[in-house]
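Fold and contact review
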Amino acid sequence: MERKVELKVVNLKKYFPVQKSFLERLLSGKIEYVQAVNRISFEVRRGEVFGLVGESGCGKTTTGRLITRLIEPTEGKIIFKGEDVTFIQGERLREFRKYVQIIFQNPYASLNPRMRIGEATAHPLEIHGIATGERKKKMVFEMLEKVGLEPAKKFYDLYPFELSGGQRQRVAIARAMILNPELVVADEPISMIDVSLRAKILELMLMLKEERNLTYVFITHDLAVAKYISDWIGIMYLGEIVEIGRKEQIFSTPYHPYTKALLSAIPVPDPKREKKDIKLKGEVPSSINPPSGCRFHPRCSFAKDKCSNLKPSLKMVDKDHYVACHLY
Ligand SMILES: Nc1ncnc2c1ncn2[C@@H]1O[C@H](COP(=O)(O)OP(=O)(O)OP(=O)(O)O)[C@@H](O)[C@H]1O
Ligand SMILES: [Mg+2]
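Now for a quick tour of the structure. (Residues numbered from 1 in each chain as written. Chains lettered and ligands numbered in written order. Predicted model: local features only at pLDDT ≥ 70, side-chain atom pairs only at ≥ 80, totals over all residues. Heavy atoms only, no water.)

**A closer look at helix H7 (residues 165–177)**
Note the threshold: What counts as a helix is a DSSP run of H or I of at least four residues, what counts as a strand is a run of E of at least two, and both are numbered from the N terminus. What a helix should span is 1.5 Å times the count of its residues minus one. Partly exposed residues are those whose accessible area sits between 20% and 50% of the maximum for their type, while under 20% is buried and over 50% is exposed, using a 1.4 Å probe and protein chains only. In what follows, residue pairs with any heavy atoms lying within 4.5 Å of each other are defined as contacts.
With 13 residues, H7 should cover 18 Å at 1.5 Å per step; its first-to-last C-alpha distance of 18 Å lies within 8% of that length. With 11 of its 13 residues buried, H7 lies for the most part within the structure. When H7 is considered as a whole, its buried residues turn out to be Gly-165, Gly-166, Arg-168, Gln-169, Arg-170, Val-171, Ala-172, Ile-173, Ala-174, Ala-176 and Met-177. The elements touched by buried residues of H7 are strand E6 (100–103), helix H4 (117–127), helix H5 (133–146), strand E7 (183–187), helix H8 (195–212) and strand E8 (215–220).

Take a look at the structure:
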């Protein structure tokens, strides 16, 4: 049975104006834009994990902030459970925020240093007027225990500086989960914490997902992490999605030359197995003046003339598997 579509993103685009001094503007005579996210589309189904993967600066965080309505898109649509939420405001936006939460990349910056752990975790309950007094405290204790911060009584009164990175990220997870959301955008939730603690945090997130039938958009630059946690994977390059498929498809039959290059960079555990290294040429270009046609063409070993003039659209190559490349 196909699961229900929880989130749908259609031609989503975000351009940021480049900050320039008065003199620079006077001399250049034009406003330039960082094309952070350029017309991306994808779907996430209820209870599944959509891994959004790509190198630094490709637009992952911007996508996460767009989906959670922390910033407004330049163009495009965000559909949550069939409702167009792209520009909702006021009470409807408040309601939306109960159902859609974000866990940020940096647990050292995302917690207010002057707020005790208990207060920080209780904050969403207060904002939404869900619980006060003893009931609120009880809910916080339960949530802290759920994310492994035990005894909760002790953690309740601590300040963020008294916690390790892993513990802080557990607080961030508790705070995101306390309202019982349906969709959680997790923006590199383990990239800033100690390697030895990463698996535990991923296990915790999967446990909560199973228990509550949550839907995740899981942002990571690490394909090995995406492989562990995702059901679906979307590969981003310079603000665009170049390939989408079920996890198994992306790993067994990648189509896009960029996906192949990313995969070949993952260390192979078996030293006897030969690894075909596909090297990427050059550096990631600027998203202020991105390459014409396919944005990947200057780094692609298979680029043809067409690739520099015509932007490839996402085409279905197998059931559930899409690629944006002129080779197919
Ligand atoms: N508020 C902003 N104003 C101007 N440019 C921005 C802003 N936010 C992001 N950008 C630019 O948009 C592009 C995409 O940034 P984004 O943070 O979404 O990338 P990312 O994939 O999350 O990278 P990382 O892996 O480093 O976190 C970058 O070129 C970035 O400099
Ligand atoms: Mg980011």
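There's plenty left to go through after this.
**Notes on the site of ligand 1**
Rules: One heavy atom suffices: a residue is near a molecule or strand as soon as one of its heavy atoms comes within 4 Å of it. N or O atoms within 3.5 Å of each other form a polar contact, as long as, within protein, one can give a hydrogen and the other can take it, and as long as residues adjacent in sequence are counted only when both atoms are side-chain atoms. Under the convention used here, a 1.4 Å probe and the Shrake-Rupley method define accessible areas, while residue burial counts only the protein chains that appear. Side-chain classes follow a simple rule in which Ala, Val, Leu, Ile, Met, Phe, Trp, Tyr, Cys and Pro form the nonpolar group, Asp, Glu, Lys and Arg form the charged group, and the remainder, Gly included, forms the polar group.
Around ligand 1, a shell composed of 14 residues is seen, among which Ser-56, Gly-57, Lys-60, Thr-61 and Thr-62 lie nearest. Residue Thr-61 places a side-chain N or O atom 2.8 Å away from an oxygen atom belonging to ligand 1. Thr-62 places a side-chain nitrogen or oxygen 2.5 Å from an oxygen atom of ligand 1. Relative to its unbound accessible surface of 640 Å², ligand 1 loses 65% to contact with the protein. Broken down by secondary-structure element, the contributors of at least two residues to the shell around ligand 1 are strand E2 (33–45) and helix H2 (60–67). For the shell around ligand 1, the class distribution of residues is four nonpolar, seven polar and three charged.

**Observations regarding the environment of Gln-249**
Note on placement: Gln-249 falls in helix H10 (residues 247–252). For the pair Gln-249 and Asp-320, spaced 71 residues apart in sequence, the C-alpha to C-alpha distance is 8.8 Å. Sequence-distant contacts of Gln-249, defined by excluding residues within four places in its chain, comprise Pro-254, Asp-318, Lys-319, Asp-320 and His-321. Reaching out from Gln-249, the side chain makes a polar contact with the backbone oxygen of Lys-319 at a distance of 2.8 Å.

**Quick look at the sheet that holds strand E10 (residues 240–246)**
Worth spelling out the cut-off: For two strands to be treated as a pair, DSSP must find no fewer than two bridges joining them. Helix axes are fitted to C-alpha atoms over the stretch in contact, other axes to C-alpha atoms as well, and angles between N-to-C directions run from 0 to 180 degrees.
In spatial order, the strands read E6-E7-E8-E3-E9-E10-E12-E11; together these eight strands make up an open sheet with mixed pairing. Looking at which strands have only one partner, the edges of the open sheet turn out to be E6 and strand E11 (315–318). The average angle at which neighbouring strand axes cross in this sheet is 20 degrees, direction not considered. Of the strands in this sheet, E6 and E7 touch helix H3 (residues 90–99), which is tilted by about 60 degrees from E6. Against the sheet, helix H11 (residues 257–264) touches strand E9 (232–237) and E10, its axis set at about 105 degrees to E9.

So, to be careful, I would describe these as geometric facts and stop short of saying anything about function.
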